[in-house]
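# Tertiary structure, described
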Amino acid sequence: QVQLVESGGGLVQPGGSLRLSCAASGSIFSINAMAWYRQAPGKKRELVAAITSTGSTDYADSVKGRFTISRDNARKKAYLQMNSLKPEDRAVYYCNVEVGLPYGRSADYWGQGTQVTVSS
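What follows deals with unusual backbone geometry. Backbone geometry places Ser84, a non-glycine residue, at a positive phi of 50°. Checked against the element boundaries, Ser84 lands in the loop between strand 8 (77-82) and strand 9 (91-100).

This is the structure we're talking about:
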C-alpha cells in the first residue's frame, strides 16, 4: 500500500506565498507522474500542475507563471511553490501520484488534501 501525506497549507494574504509538500511512502516500485489537484467549494476537482519522472511539467493556465511544481525522486516527494496567490486559489489541494507496478502496470494514489485559503 502507498500513503501520501501533504503539508504546507494554511491561510495567506493575497499576493503571498505557500509551499505545499507531498511525501510518498509504502510499497513503491517506482513513481511515474506526480501532480497537484485542487477542489474549490462547489466546483469539480481540477489539475493544477503535473511533473513526469523525467521532469517535464504541465500547468493549468490559471496558475502559469505563479506556481512551480518540483519533485525529489530520492525522497519520493513532490512540491508546489505557490506565489502571488489570489483569492480564487482558495481550495483543498490534493497530491496525486502514479506509482509504477511490475509488468507495465500503474496505480493512482491520492493524499488526504490540505486547505489553502487566500484572504485578507
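Moving on from the model shown.
The full count for this structure, using the stated rule, is one disulfide. Here Cys22 engages in a disulfide with Cys95; their sulfurs sit 2.1 Å apart. Across the S-S bond of Cys22 and Cys95 the torsion is about -80°, and the bridge reads as left-handed. Of the two residues, Cys22 is situated in strand 3 (residues 18-26) and Cys95 in strand 9; the sequence distance between them amounts to 73 residues.

Moving on, we get to the side chain of Arg38. Mapped onto the secondary structure, Arg38 falls in strand 4 (residues 30-39). One polar contact links Arg38 to Ser62, side chain to side chain, over a distance of 3.3 Å. A distance of 2.9 Å separates polar atoms of two side chains, one belonging to Arg38 and the other to Tyr93. In this view, Arg38 contacts Lys44, Arg45, Glu46, Val48, Ser62, Val63, Phe67, Glu88, Asp89, Ala91, Val92 and Tyr93; residues no more than four positions away in its chain are not counted.

Calculation criteria
Residues numbered from 1 in each chain as written. Predicted model: local features only at pLDDT ≥ 70, side-chain atom pairs only at ≥ 80, totals over all residues. Heavy atoms only, no water. Helix = DSSP H or I, 4+ residues; strand = E, 2+ residues; numbered from the N terminus. Disulfide = S-S within 2.5 Å. Polar contact = N/O pair within 3.5 Å; in protein donor to acceptor, adjacent residues only side chain to side chain. Contact = heavy atoms within 4.5 Å.

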